[in-house]
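Take a look at the letters that make up each chain.
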Amino acid sequence: MFSSVWNFVKRHRRKFIFTGAAVGGVYFLGKYAQKKLREMQEREAAEYLAQARRHIHFESNQRTCNMTVLSMLPALKDAIVSQLNSESLTMLLKTRPANKLEIWEDLKIISFTRTIVGVYSTCMLVVLLRVQLNIIGGYLYLDLDTSAGHPGQTPRAPPDVQHQYLSSIQHLLGDGLAELMTAVKGAVRRSLGGISLKQNLSLVELEQQLSWVRAVVESASPLSRYLLADDENALAEQACGLTEEDTVTIKMLNETRDMLDSPDFSTVLNACLNRGFSRLLDNLAEFFRPPPGDPALLGADSLSAVSLPLAKIIPIMNGQINIICSETPSHFIQDLLMNDQVKEFAANVYETFSTPQELQK
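In what follows, the accompanying structure is described. Just so you know, these numbers come straight off a predicted model, no measurement behind them. Numbers given for residues are sequential positions, taken from 1 along each chain in its written order. Given that this is a predicted model, residues contribute local features only at a pLDDT of at least 70 and side-chain atom pairs are listed and counted only at 80 or more, while totals for whole chains, interfaces and linings are drawn from all residues. Excluded from the side-chain calculation are hydrogens and water; included are all heavy atoms of the structure.

### A few points about the overall build of the chain
Stated formally: Going along the chain from the N terminus, every DSSP run of H or I of four or more residues is numbered as a helix, and every run of E of two or more is numbered as a strand. Throughout this description, buried means an accessible area under 20% of the type-specific maximum (1.4 Å probe, protein chains only), exposed means over 50%, and partly exposed covers the range between. Only heavy atoms enter the contact rule, under which two residues are in contact if any of them lie within 4.5 Å.
A tally of regular secondary structure across the chain gives 17 helices and two strands. For the chain, the residues scored as buried account for 43% of the 361 residues in total. Expressed as a percentage of contacts within the chain between residues at least 6 apart in sequence, the contacts between residues at least 24 apart total 84%.

### Digging into helix α3 (residues 86–93)
A turn of α-helix holds 3.6 residues, and therefore any two residues three or four places apart point the same way. Spelled out, the test is: Here the arc refers to the set of directions running from the helix axis out to each C-beta atom. Residues adjacent in sequence count toward polar contacts only when both atoms are side-chain atoms; beyond that, a polar contact is any pair of N or O atoms within 3.5 Å, and within protein one must be able to donate a hydrogen and the other to accept it.
Every buried residue belonging to α3 is among Ser86, Leu89 and Leu93, and all of these are buried. The buried residues of α3 occupy one face: seen down the axis, they fall within an arc of 60 degrees. The opening residue of α3, the one whose side-chain oxygen lies 3.1 Å from the backbone nitrogen of Glu87, is Asn85.

### A look at the environment of Thr247
Within the secondary structure, Thr247 sits in helix α10 (residues 244–260). The exposure class assigned to Thr247 is partly exposed, which follows from its relative accessible area of 48%. Linking Thr247 and Val161, residues 86 residues apart in sequence, is a C-alpha distance of 9.1 Å.

### Regarding the packing of aromatic side chains
A ring pair, where both rings are aromatic, is described by two values, the distance of the centres and the angle of the planes. Heads up, the rule is: Aromatic rings from Phe, Tyr and Trp, with only the six-membered ring used for Trp, were paired whenever their centres fell within 6.5 Å, and each pair was classed as stacked if the ring planes differed by under 30 degrees, edge-to-face if by over 60, and tilted otherwise.
Taken as a whole, this structure holds four aromatic pairs when the rule is applied. Centre to centre, the rings of Tyr139 and Phe353 are 6.5 Å apart; their planes meet at 20 degrees, and the pair counts as stacked. With Tyr139 in helix α4 (residues 100–149) and Phe353 in helix α16 (residues 340–353), this pair connects stretches of sequence that are 214 residues apart. Here Phe353 falls in the buried class, since its relative accessible area comes to 7%.

### Digging into the pattern of salt bridges
Where we set the bar: Salt bridges are defined by distance alone: a side-chain nitrogen of Lys or Arg within 4 Å of a carboxyl oxygen of Asp or Glu.
Under the counting rule described, the total for this entry stands at nine salt bridges. Notably, a salt bridge pairs Glu87 with Arg114, separated by 2.9 Å at the nearest N-O pair. Taken together, the positions of Glu87 in helix α3 and Arg114 in helix α4 put the pair 27 residues apart, joining distant regions of the chain. As a salt-bridge pair, Asp335 and Arg275 come within 3.0 Å of each other at their nearest N and O atoms. Here the residue Asp335 occupies a position in helix α15 (residues 331–337), and Arg275 occupies one in helix α11 (residues 263–285), the gap between them amounting to 60 residues. For Arg275, a relative accessible area of 27% corresponds to the partly exposed category. What you see here is one network of salt bridges that share partners, running through Arg275, Arg279 and Asp335.

### Points about the nonpolar core
Note that soluble globular proteins tend to have their nonpolar side chains buried in a common cluster. Heads up, the condition is: Note on terminology: a nonpolar core comprises buried Ala, Val, Leu, Ile, Met, Phe, Trp, Tyr and Cys residues joined through side-chain atoms within 4.5 Å.
Core analysis: the biggest nonpolar cluster contains 89 residues, and Ile80, Phe112, Tyr120, Met124 and Leu125 have the highest contact counts within it. Per-element tally for this core: the top contributor is α4, with 20 residues. Look past the residues within four positions of Tyr120 in its chain and what remains in contact with it is Leu180, Val184, Arg214, Val217, Glu218, Leu223, Leu273 and Phe277.

### Observations regarding the environment of Tyr120
Relative to the helices and strands, Tyr120 resides in helix α4. Tyr120 sits 150 residues away from Asn270 along the chain, and the two C-alpha atoms are 9.9 Å apart.

### Structural notes on empty space enclosed by the protein
We apply this condition: A pocket here means an open set of points on a 1 Å grid, computed over the protein atoms alone, that has protein on both sides within 12 Å along at least five of seven lines. A cavity is instead a set of points where a 1.4 Å probe fits but cannot get out; residues with an atom within 4 Å of a point line either one. Grid points are joined across faces, edges and corners, and a volume is the space filled by probe spheres set on the points. Note on residue categories: nonpolar means Ala, Val, Leu, Ile, Met, Phe, Trp, Tyr, Cys or Pro, charged means Asp, Glu, Lys or Arg, and polar means any other residue, Gly included.
A full pass over the atoms with the stated rule returns one cavity of 30 Å³ or more. Residue lining of the largest cavity: Phe112, Ile116, Val188, Ser191, Leu192, Gln209, Leu210 and Val213, and that is the complete set. Mapped by element, the contributors of at least two residues to the lining of the largest cavity are α4, α7 (175–192) and α8 (203–220). Across the lining of the largest cavity, the residue classes tally to six nonpolar, two polar and no charged.

### Notes on α16
To be explicit about the condition: The span one expects for a helix is its residue count, reduced by one, times 1.5 Å.
With 14 residues, α16 ought to run about 20 Å at 1.5 Å a step, and its terminal C-alpha atoms sit 20 Å apart, in line with that. Within α16 the residues assigned to the buried category are Val342, Phe345, Ala346, Val349, Tyr350 and Phe353. All buried residues of α16 project into a common sector of 135 degrees when viewed along the axis, lining one side. α16 presents Asp340 and Glu344 as exposed residues on the side facing more than 90 degrees away from its buried surface. Here α16 starts with a cap whose side-chain oxygen sits 2.8 Å from the backbone nitrogen of Gln341, and that cap is Asn339.

### What to know about the packing of α8 against α11
Operational definition: Here the axes come from fitting lines to C-alpha atoms, over the contacting stretch only for helices, and the angles between their N-to-C directions go from 0 to 180 degrees. For classification purposes, an angle smaller than 35 degrees is called roughly parallel, one larger than 145 roughly antiparallel, one from 65 to 115 roughly perpendicular, and anything else oblique. The handedness criterion is simple: a crossing whose near helix is rotated anticlockwise from the far helix by less than a right angle is left-handed, and one whose near helix is rotated clockwise is right-handed.
Relative orientation of the contacting elements α8 and α11 amounts to 155 degrees, with a least axis distance of 11 Å. Here α8 lies roughly antiparallel to α11, going by the angle between them. Between α8 and α11 lies a crossing of right-handed hand. Along the contact surface, α8 presents Leu203, Leu206, Glu207, Leu210, Arg214 and Glu218, while α11 presents Asn270, Leu273, Asn274, Phe277, Leu280, Leu281, Leu284 and Ala285. For the contact of α8 with α11, the class distribution of residues is nine nonpolar, two polar and three charged.

Shown next, in the form of structure tokens:
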């Protein structure tokens, strides 16, 4: 029996060798595939966790952006009101002065100017802080990511650098705001200067006046000039010295300047301005509603059918600054903070500066 088995094996030994080799090859190939699959799963899990951590950090950063904007609105409002003080003119009118008409003309220009400046500067504040805080956020994320594997490494954006960098916002609240006021005031004077206080204006006509002012202001020069000092010496002065931390601050300021000069920034800022002025008109529309049951206006378009004397529109316009620059969340500021284009732009800035190779260039 054993000899017959042995003879069978000898006759078919080539098949046994091939089959054994094939089975062995399949076994090792399976082991290799399992190893690669396990490595791929581990890599995907690590990438998923990193993305989740990054997303959580980003969302936290956006909440910080929103809170920062709200916290800075009172300072912005104070800066506008102190330089465009209509309240002193209102008090003066109560004394029945001889130059009453002249004071009313000044009040007309100042009231429109400060509300329009309020819309511009609030939109600028929202978008500028989105840029700055997401640049810082990107740096901080890289610091967190690096410290996990290399504890003790020098942070890219230490607190002193963050403070110096964010202090550049003072340009918007100072010299930049003053330049913006001058530009807007000149456009308002050209637009409304020749309109009598007794002349009636509908909401449609008021919108046309605002659009004309916007066209003049925005065609004169890039709006980014009001946001950040563009002079190299000014950037260096903002960094307050030439230490290693100051060098990082100047680098971040230059990166911010590049962002402000980009087409994406202009697109997002313009979207905010369109929404801001649209919300302003929505607020003004409340004062242009036809009287209930007025048969003369039944079926008419109230936006054009109802009109008010310019003298009555002035105090309405004058009070809008309290809504625009309110630290209490309002429809106006929520429209800007929740704008989809602002969110997408913020995500792109964060993505750029939380990616290591971008900062190594």
